[in-house]
Each structure stands twice: as C-alpha cells, then as structure tokens.
Amino acid sequence: MISMGKFGGIKLLEKAFSTDELSEEDIRYAAKVLSMISYRTIWNTFESCNNYEMSKNPYTECREIEYWCADAEIKDRKTDIRYMKKYFPQTRFKLVRNAGHGGLAPFQPERLVKGLTGK
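What you see is a predicted model, and the numbers here were worked out from it, not measured in a lab.

Conventions used here
- Residues numbered from 1 in each chain as written.
- Predicted model: local features only at pLDDT ≥ 70, side-chain atom pairs only at ≥ 80, totals over all residues.
- Heavy atoms only, no water.
- Buried < 20%, exposed > 50% of the residue type's maximum accessible area, 1.4 Å probe, protein only.
- Helix = DSSP H or I, 4+ residues; strand = E, 2+ residues; numbered from the N terminus.
- Arc of directions from axis to C-beta.
- Contact = heavy atoms within 4.5 Å.
- Patch = residues over 30% accessible without salt bridge, like charges linked within 9 Å, V, L, I, M, F, W, Y side chains within 5 Å.
- Areas by Shrake-Rupley, 256 points an atom, 1.4 Å probe, with all protein chains shown as cover.
- Salt bridge = Lys/Arg side-chain N within 4 Å of Asp/Glu carboxyl O.
- Expected span 1.5 Å × (residues − 1).

### Thoughts on helix α4 (residues 78–87)
Among all positions of α4, only I81, Y83 and M84 are buried. Down the axis of α4, the smallest arc covering the buried residues is 160°, so these residues share one side. Every exposed residue of α4 that faces more than 90 degrees away from the buried side is listed here: K78, T79, R82, K85 and K86. As for α4, its buried residues are in contact with β1 (66–70) and β2 (92–96).

### As for a nonpolar patch on the surface
On the surface, Y29, V33 and M36 cluster together to form a nonpolar patch covering roughly 310 Å² of accessible area. Position of M36 among the secondary structure elements: in the loop between α2 (24–35) and α3 (39–50). Residue M36 is classed as exposed on the basis of its relative accessible area, which comes to 58%.

### Focus on the environment of G100
With respect to the secondary-structure elements, G100 resides in the loop between β2 and α5 (104–107). Residue classification places G100 among the buried positions, given a relative accessible area of 4%.

### Section: α2
Taking 1.5 Å per residue, 12 residues should reach 16 Å; α2 reaches 17 Å between its end C-alpha atoms and fits that length. For α2, every residue scored as buried is listed here: I27, A30 and L34. Buried residues of α2, viewed axially, fall in a sector of 60°; they line one side. Pointing more than 90 degrees away from the buried face of α2 are the exposed residues E25, K32 and S35.

Okay, structure coming up:
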C-alpha cells in the first residue's frame, strides 16, 4: 500500500490514510517523505516488521506490556489481541481514539509522546 502511495501520489495516499483525519498539508508531507525513500527501503521495512511467525510457546519476564490499538482498527487486530490475551495476560490494552494504524508517530507526534511519557 505504501509503495502504491509512492507511485500513486497524493490521491492514493488520501485513501491509504482514510482512517486518519489528515489535512492536505499532512498528505503532501507524507508524499514528500515517500519521494525520498526507495521502493527497496519500503520493502525491507515491511518485510522485517510484518512477515515473521510468532512462537508457539512465547516467554518473557517482562511484567509490563502495553498494546496500543487505534479505535479504527480494532476489527482488524482481533487475532493479535486474542494472541496477546492468551500468551501475555499481563498486557494492558490502550485504545487510541481518532487515529488510524500507526497514525500517531507521523501525524500526531505530541499525542504519542504524551502517551509514552504521561506528560
């Protein structure tokens, strides 16, 4: 989708980020950023983040896990949430309102920092 956004420009990016309330300036910014990165970089980023198999018997000593989920993507994350509840019952789920998937970092960084630091 991101590669298509790079190729398709602003109109396609508007559709890709439809769950975020973005200004025209925000969309132009995303298009500018995409113009500066290669298709290979986009591929490598998603390949490293999204294409791995979760362990059948995961283990961690981490007692504090937060799972942030945008309100617009709850339906798409049901399987992930079920996995977290089963294998990491100590997980605290945080619903992020008025944001799309990954929308805080690029478009609402102040909200992201506030959520991470509590300040």
